Amino acid sequence: MFAGLLLAPIPLVARAETYLTETQAAAVLFPDIKMEPRWMDLSPDEIKQIKKAKNDDQGLKPKVRVFWGPNKEALFIDTVLGKHEFITYAVAIDAPGQVKGIEILDYRETYGYQIRDKAWRQKFVGKTARDPLTLDKDIPNISGATLSSKHVTDGVRRVLQTYDILKAKA
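Small disclaimer: the values here were computed from a predicted structure and weren't measured.

**Q** I would appreciate a short explanation of the overall build of the protein in the present structure.
**A** The secondary structure content of the protein amounts to 4 helices and 6 strands. From first element to last, N terminus to C terminus, the protein shows the α and β order β-α-β-α-β-β-β-β-α-α. By the burial criterion, 43% of the 170 residues in the protein qualify as buried. Of all intrachain contacts in the protein linking residues separated by at least 6 positions in sequence, the fraction that spans at least 24 positions is 63%.

**Q** Explanation requested: the pattern of salt bridges in the structure shown.
**A** Opposite charge on two side chains lets them pair, provided their charged atoms get close. Taken as a whole and judged by the stated rule, the model has 11 salt bridges. Of the charged contacts, one joins Asp-106 and Arg-108 as a salt bridge, the two residues approaching to 3.6 Å between their closest N and O atoms. For Asp-106, a relative accessible area of 15% puts it in the buried group. Across the pair Asp-154 and Arg-157 runs a salt bridge whose closest N-O atoms are separated by 3.1 Å. Here Asp-154 pairs with Arg-157, and both are found in helix 4 (residues 146–166), just 3 residues apart, close to one helical turn. As far as burial versus exposure is concerned, Asp-154 and Arg-157 are alike and both buried. Within the structure, one salt-bridge network assembled from shared partners comprises Arg-130, Asp-164 and Lys-167.

**Q** Explain the side chain of Lys-127 to me, please; I cannot follow it from the model alone.
**A** Considering the arrangement of structural elements, one finds Lys-127 in the loop between helix 3 (118–121) and helix 4. It is Asp-138 that comes nearest to the buried, bridge-free Lys-127 among opposite-charge side chains, at 4.5 Å. If sequence neighbours within four positions are ignored, Lys-127 has contacts with Gly-97, Gln-98, Val-99, Leu-133, Asp-138, Ile-139 and Leu-160.

**Q** Please explain unusual backbone geometry as it appears in this structure.
**A** Leaving glycine out, the prevailing phi sign among residues is negative, and the prevailing peptide bond configuration is trans. Its identity as a non-glycine residue notwithstanding, Leu-133 has a phi of 45 degrees, on the positive side. Residue classification places Leu-133 among the buried residues on the basis of a relative accessible area of 1%. Of note, Asp-136 is a non-glycine position whose phi angle comes to about 80 degrees, a positive value. Within the secondary structure layout, Asp-136 lies in the loop between helix 3 and helix 4.

**Q** Looking at this structure, how should I read the packing of aromatic side chains?
**A** Think of a pair of aromatic rings as described by two things: how far the centres are apart, and how the planes are tilted against each other in angle. Under the criterion given, the structure shown has 2 aromatic pairs. Look at Trp-120 and Phe-124: their rings are 5.1 Å apart centre to centre, the planes differ by 80 degrees, and that puts the pair in the edge-to-face class. Taking NZ or CZ as reference, Arg-116 lies 3.5 Å from the ring centre of Tyr-19, over its face.

**Q** For this particular structure, what's the right way to read helix 1 (residues 22–29)?
**A** Residues that lie three or four places apart on an α-helix share one face, since the helix turns once every 3.6 residues. Taken as a whole, helix 1 has its buried residues at Ala-25, Ala-26 and Leu-29. One side of helix 1 holds all its buried residues, which, seen down the axis, span an arc of 100 degrees.

**Q** Quick question: what am I supposed to make of the sheet that holds strand 5 (residues 86–93) here?
**A** What the 6 strands build is an open sheet, ordered 1-6-5-4-3-2; its pairing is antiparallel. Only two strands of the sheet have a single neighbouring strand rather than two, namely strand 1 (17–18) and strand 2 (36–41). The pairing of strand 4 (residues 74–81) with strand 5 spans 8 bridges and is classified as antiparallel. Bridge pairing links Phe-76 to Val-91 in strand 5. The strands touched by helix 1 within the sheet are strand 3 (63–68), strand 4, strand 5 and strand 6 (99–107), with strand 6 carrying the most contacts at an inclination of about 155 degrees. Contacts from helix 4 reach strand 2, strand 3, strand 4, strand 5 and strand 6, with the element oriented near 140 degrees to strand 4.

Calculation rules
- Residues numbered from 1 in each chain as written.
- Predicted model: local features only at pLDDT ≥ 70, side-chain atom pairs only at ≥ 80, totals over all residues.
- Heavy atoms only, no water.
- Helix = DSSP H or I, 4+ residues; strand = E, 2+ residues; numbered from the N terminus.
- Buried < 20%, exposed > 50% of the residue type's maximum accessible area, 1.4 Å probe, protein only.
- Contact = heavy atoms within 4.5 Å.
- Salt bridge = Lys/Arg side-chain N within 4 Å of Asp/Glu carboxyl O.
- Lys, Arg positive; Asp, Glu negative; His and termini not counted.
- Phe/Tyr/Trp six-rings, centres within 6.5 Å; stacked < 30°, edge-to-face > 60°.
- Lys NZ or Arg CZ within 6 Å of the ring centre and 35° of its normal.
- Arc of directions from axis to C-beta.
- Pairing = 2+ DSSP bridges.
- Axes fitted to C-alpha atoms, helices over the stretch in contact; angles between N-to-C directions.

Just distances and angles here, no functional claims.
Structure representation (structure tokens):
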């Protein structure tokens, strides 16, 4: 007798948080430096060089927006796929080419938001394009945030490679 009964689908609960804007991230990561945004182009050879160094091409685009400081400090705003949704984050690189810090700007996944933990993000500080940046070796994995941890780690490695190429053009 329940043939006419329709069951409504159970809604999925998504978590979407915006923590910082690009301007706020620049102020947090470079509080005493005025950063100027610029669009910069990567040649096909430079793209190949980055792909080879980082061993994948997720998120690699021929046009890159970089906020530059007066001494080639740089702030990259990057996006990687978490498990299902995108994560937007900022990577601050000092003049010698070391990660100064990273901040999570937007997190849209239901799980894995632990990548915002300061202690985990601090593991990137001091890393350069010459560091392997491998999850579970250089950067610890976060249980329950494995894909987010991996993809942000891969993204930071790509950003460092990109910085090494673009700093000569800045």
